[in-house]
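Here is what each chain is made of, one letter per residue.
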Amino acid sequence: MPGDTLPVHVNRDSLHALEVPDAFETDGSFDIGVVNHGGSVHVHLHLDDDLSEIAALEASNHFVDGESRRAVHVGVEGAGEATGTLKIASAYGAETRYVTVRITEPEEEESTVEVDESLSEPQPREPDEGSDGGSVPVAASPQLAVLGLGVAALAVAAVLVVFVDDIVVVAGAVAVLVGVLVAVYIALAGE
């Protein structure tokens, strides 16, 4: 459980008194939450060798102002489990308590993805958009495309017949006209 806090109460019942749980268990980094109920005090924290293999305190000696709170972070690095003792002393050893700390392997979270049956149905396609944000024109049918190209070819042939007075150009224009008419007939007959 990330974000666990080990509570430590100082000066609640008497001067330099410490109240801590006998044991604490976590599966990762945690905070030691020191709550001072009286006058200012020094609190010393120490992890034994077993805990120090995978955990580290940000600092061991802490001055805690009167009637205040202080969180001391214990970072857990690496993998594995460890059980050891955290020593807590107030007022340079006037009171000392020991907490058995057990660090366990974090539980692996199972991630699942639920698939809705609507994903198996074909989705409607939206028209592609050009670079200017407008719709890209799509030919309604291939027959219209052939007809448009044929009309353009006839226009070019007609211009050449008018400006070039030659029998070869006229024959070519007639051939293009016949080709376009045949293509249009085949396209319309295929529908």
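This text follows the structure it describes.
Residues numbered from 1 in each chain as written. Predicted model: local features only at pLDDT ≥ 70, side-chain atom pairs only at ≥ 80, totals over all residues. Heavy atoms only, no water.

To continue, consider the nonpolar core. If you look at the biggest cluster of nonpolar residues, it comprises 27 residues, and the most contacted ones within it are Val8, Ile32, Val43, Leu86, Ile88, Val99 and Val101. Looking at this core, the elements with two or more residues in it are strand E1 (4–10), strand E4 (30–36), strand E5 (41–47), strand E8 (69–76), strand E9 (82–90) and strand E10 (95–103). With four residues, the single largest contributor to this core is E5. Among residues more than four places away in sequence, those in contact with Val8 are Leu18, Glu19, Val20, Ile32, Gly33, Val34, Val35 and Ile88. (Core = buried A, V, L, I, M, F, W, Y, C linked by side-chain atoms within 4.5 Å. Buried < 20%, exposed > 50% of the residue type's maximum accessible area, 1.4 Å probe, protein only. Helix = DSSP H or I, 4+ residues; strand = E, 2+ residues; numbered from the N terminus. Contact = heavy atoms within 4.5 Å.)

Moving on, we get to the pairing of E1. By the criterion of burial, E1 is predominantly enclosed, with five of the seven residues buried. Relative to strand E2 (residues 18–19), E1 is paired through two bridges, and the arrangement is antiparallel. Note on E2: the bridge partner recorded for Val10 is Leu18. (Pairing = 2+ DSSP bridges.)

The subject of this paragraph is the side chain of Thr26. Locating Thr26 in the fold gives a position in strand E3 (residues 23–26). The class of Thr26 is buried, set by a relative accessible area of 2%. A polar contact of 3.4 Å, which involves the side chain of Thr26, links it to the backbone oxygen of Gly28. (Polar contact = N/O pair within 3.5 Å; in protein donor to acceptor, adjacent residues only side chain to side chain.)

What follows deals with the packing of aromatic side chains. Describing an aromatic ring pair means giving the distance of the ring centres and the angle of the ring planes. Enumeration according to the criterion identifies one aromatic pair in this entry. Relative to Phe30, the ring of Phe24 lies with its centre 5.1 Å away and its plane at 50°, an arrangement referred to as tilted. (Phe/Tyr/Trp six-rings, centres within 6.5 Å; stacked < 30°, edge-to-face > 60°.)

Take the pairing of E8 next. Alignment of E4 against E8, held across six bridges, turns out to be antiparallel. Looking at the pairing, Val34 lines up with Arg70 of E8. Inspection of the sheet shows strand E6 (residues 55–57) paired to E8 by three bridges, in the antiparallel sense. Within E8, the position partnered with Leu57 by the bridge is Val74.

Before going further, it helps to examine the sheet that holds E9. Pairing is mixed across the open sheet formed by five strands, whose spatial order is E3-E10-E9-E5-E7. A single partner strand is all that each edge strand has here, and the edge strands are E3 and strand E7 (61–64). Neighbour-to-neighbour, the strand axes of this sheet turn through a mean angle of 25°, independent of strand direction. (Axes fitted to C-alpha atoms, helices over the stretch in contact; angles between N-to-C directions.)

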